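Here are the chains, one letter per residue:
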Amino acid sequence: MTTLGTQGRDAYGFVARDKGFFAEAGIEVDIQPGQAGDYNHRMIRSGRAQVTIVDAAGALVRYGSGRDTSFQILAAIHQQTLLSIVSLEASGITNAHALQGRTLATVKGAAPEILFPAYARLAEIDATKVSWQYGSAPQLNSYLAAGRVDGIGIYLVGQPGVAAAAKRSVSALPYSEYLRDLFGGVVVAQKETIADNPDLLRRFVQALLRGAEYAVEHPDEAGRILAEAVKGQDVRLAAEELRLMRPYVIPASGAPVGTMEEERVVRSVALLQSVGLLPGGANPELPRQVVNVNIAGSLR
């Protein structure tokens, strides 16, 4: 399952399938659109989906707080969070302080709202002065275009699609400006599935990461693959999203795609604790409890 809907940013799964990366790994994959954190985690917990992409911070909050410890993270698609607030340029939302007194929209239970208090605290604004509305993934762009809300909480790379829907220029406030240590989308699976089929998941992750690297290195081709697989996709917009996503997928350190450095996970946990999203008190084992190093060898 994808993170939220099916957009250009999700092309890598279709690339892995259509370029034969999954087939080379001996796997047949059915790709379904996700509906953000709560829904995706329920699908994994119930066994209705075997693998999904969720936001790393949301996953850490669920696991570290004890709300849901039924899953583990297998690899990072994005080396930094892609969460952002996207608004119309005409709205004048050019910095975090301009969000106070405004109304934002996202999918219920999605990471943009979950992480907003942390973003607000570090940006030194009052999160209680920002209102939230909710809608499905396809509805968010239309809410913004119609003026029902002042901004929408989505991935930063979604800007091209928002601009096309609104027929106006847009701007974004990336959460990474303040939440620098957080990873973005991560691959998760149910612990039971991992225990029963470790080799299957290892092959799946390796093939998916090949797809992610190929997609951001060949955005036009990846856009065409997505458009052929999913009706209604715009090749140009998909390619634009993938170009924006490239620096988030390819580690600046030269490490393999998918890598999760243990120090970064530790700092992520500390950040979430500092803003009250995780209970206080260090748990030095949490990084290795929530990230399964035996699947992709991604925790370094």
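In this text the structure is predicted, and so the values were computed from the model without any measurement.

### Topic: the packing of aromatic side chains
At step 1: Throughout the structure, instances matching the rule amount to seven aromatic pairs.
At step 2: Taking 4.7 Å as the distance between ring centres and 15° as the angle between the ring planes, the aromatic pair formed by Tyr119 and Tyr175 counts as stacked. Pair noted here: Tyr119 is in helix H6 (residues 116–123) and Tyr175 is in the loop between strand E9 (170–174) and strand E10 (185–190), with a separation of 56 residues, a long-range link.
At step 3: Take Tyr119: its relative accessible area is 0%, and that puts it in the buried class.

### Some points on the packing of helix H11 (residues 219–229) against helix H12 (residues 235–249)
At step 1: In contact at an axis separation of 8 Å, H11 and H12 are set at 130° when each is read in the N-to-C sense. Looking at the two axes, H11 sits oblique to H12. In terms of crossing hand, the pair formed by H11 and H12 is right-handed. Along its contact with H11, which presents Pro219, Asp220, Ala222, Gly223, Arg224, Leu226 and Ala227, the element H12 presents Val235, Ala238, Ala239, Leu242 and Arg243.
At step 2: The residue makeup of the contact of H11 with H12, split by class, is eight nonpolar, one polar and three charged.

### What to know about the nonpolar core
At step 1: Within the largest apolar cluster, 88 residues are counted, with the highest numbers of intra-cluster contacts made by Ile73, Leu99, Leu115, Phe116, Tyr175, Val186 and Val187.
At step 2: The element contributing the most residues to this core is helix H10 (residues 198–217), with nine residues.
At step 3: Excluding residues that lie within four positions of it along the chain, Val186 makes contacts with Thr52, Ile53, Val54, Asp55, Ala56, Ile73, Ala75, Ala76, Ile77 and Met260.
At step 4: Counting residues in hydrophobic clusters, the runner-up holds 16 residues, among them Tyr143, Leu144, Val149 and Val162.

What counts and how
- Residues numbered from 1 in each chain as written.
- Predicted model: local features only at pLDDT ≥ 70, side-chain atom pairs only at ≥ 80, totals over all residues.
- Heavy atoms only, no water.
- Phe/Tyr/Trp six-rings, centres within 6.5 Å; stacked < 30°, edge-to-face > 60°.
- Helix = DSSP H or I, 4+ residues; strand = E, 2+ residues; numbered from the N terminus.
- Buried < 20%, exposed > 50% of the residue type's maximum accessible area, 1.4 Å probe, protein only.
- Axes fitted to C-alpha atoms, helices over the stretch in contact; angles between N-to-C directions.
- Parallel < 35°, antiparallel > 145°, perpendicular 65-115°, else oblique.
- Left-handed = near helix turned anticlockwise from the far one by under 90°.
- Contact = heavy atoms within 4.5 Å.
- Nonpolar A, V, L, I, M, F, W, Y, C, P; charged D, E, K, R; others polar.
- Core = buried A, V, L, I, M, F, W, Y, C linked by side-chain atoms within 4.5 Å.

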